[in-house]
Amino acid sequence: MEIRIANLNDAAAIAEVHVNSWKTTYQSLVSEVFLNNLDVQVREARWRKSMEEGNKIFVAVNEQNRIVGFANGGENRSKKYHYDGELYAIYILEEAQGMGAGKHLICHVAEQLKKDGFHSMVVWVLNGNPASQFYQHFNPIRVAEEETMIGGKVLRETAFGWEDLTSLLTYC
């Protein structure tokens, strides 16, 4: 499995991973109507714009040179908590889960955040997400729990954090 920084030509594959992983990961949590209305072309445009704005997205590429996962991060979008960095997204196709891509992706994002001058990181995880146990391998602190609205349904999400990126990187 190779991890690299995405380029604009990867936007469509990133969007496909995003939509397909939502459909498999959140099928029992989010309404079927919402999931069926996820649009790969809309997501592709968003990821392309993000890259054009200079945001780094890391992709996991399998032996067949297919993008099977991605992750990105940056400045914490919420000033409510003292973490300066945030893991915005990490998605891996169901068939590629459990092969180490997630670990490599989270580590690359944490390394990049550290290079960019961040000291800590938080990630928001939808409660009931079957992949939520993945984060426990990195020994996070449970920071908070809040409500979020997805597809007209109120759901809960939990924030996990690492107060020191250096300690998180020891798991990499």
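These numbers come from a predicted model, not from an experiment.

Reading the values: the criteria
- Residues numbered from 1 in each chain as written.
- Predicted model: local features only at pLDDT ≥ 70, side-chain atom pairs only at ≥ 80, totals over all residues.
- Heavy atoms only, no water.
- Core = buried A, V, L, I, M, F, W, Y, C linked by side-chain atoms within 4.5 Å.
- Buried < 20%, exposed > 50% of the residue type's maximum accessible area, 1.4 Å probe, protein only.
- Helix = DSSP H or I, 4+ residues; strand = E, 2+ residues; numbered from the N terminus.
- Contact = heavy atoms within 4.5 Å.
- Expected span 1.5 Å × (residues − 1).
- Pairing = 2+ DSSP bridges.
- Axes fitted to C-alpha atoms, helices over the stretch in contact; angles between N-to-C directions.
- Phe/Tyr/Trp six-rings, centres within 6.5 Å; stacked < 30°, edge-to-face > 60°.

Draft legend 1. Structural context of the nonpolar core. Residues Val30, Phe70, Leu87, Ile106 and Met121 are the most contacted members of the largest nonpolar core, which totals 51 residues. The biggest single contributor to this core is helix α4 (residues 101-115), with seven residues. Setting aside anything within four residues of it in sequence, one finds Phe70 in contact with Ile14, Val17, His18, Trp47, Ile57, Phe58, Val59, Ala89, Ile90, Tyr91 and Leu105.

Draft legend 2. Focus on helix α1 (residues 11-25). Taking 1.5 Å per residue, 15 residues should reach 21 Å; α1 reaches 21 Å between its end C-alpha atoms and fits that length. Each element contacted by the buried residues of α1 is listed here: α2 (32-36), α3 (40-52), β2 (57-61), β3 (67-75), β4 (85-92) and β6 (141-150).

Draft legend 3. View of the sheet that holds strand β1 (residues 2-5). Taken together, the seven strands give an open sheet; going across it, the order is β1-β2-β3-β4-β5-β7-β6, and neighbouring strands pair in mixed fashion. For this open sheet the edge positions go to β1 and β6, each flanked by a neighbour on one side alone. Strand-to-strand twist of the sheet, defined as the mean angle between neighbouring strand axes without regard to direction, takes the value 25°. Contacting β2, β3 and β4, α3 runs over the sheet at an angle of about 120° to β2. Against the sheet, α4 contacts β1, β2, β3, β4, β5 (121-126) and β7 (153-162), and its axis sits at roughly 155° relative to β4.

Draft legend 4. Quick look at the packing of aromatic side chains. For the coordinates displayed, the defined rule picks out eight aromatic pairs. A ring pair is formed by Trp22 and Phe34, whose centres lie 5.9 Å apart and whose planes are at 50°; its orientation type is tilted. Taken together, the positions of Trp22 in helix α1 and Phe34 in helix α2 put the pair twelve residues apart, joining distant regions of the chain. Considering the side-chain rings of Phe134 and Tyr135, the 5.1 Å spacing of their centres and the 70° angle between planes classify their relative orientation as edge-to-face. Overall, the relative accessible area of 24% leaves Phe134 in the partly exposed class. Every member of this aromatic cluster is reached through a ring pair, and the members are Phe134, Tyr135, Phe138 and Phe160.

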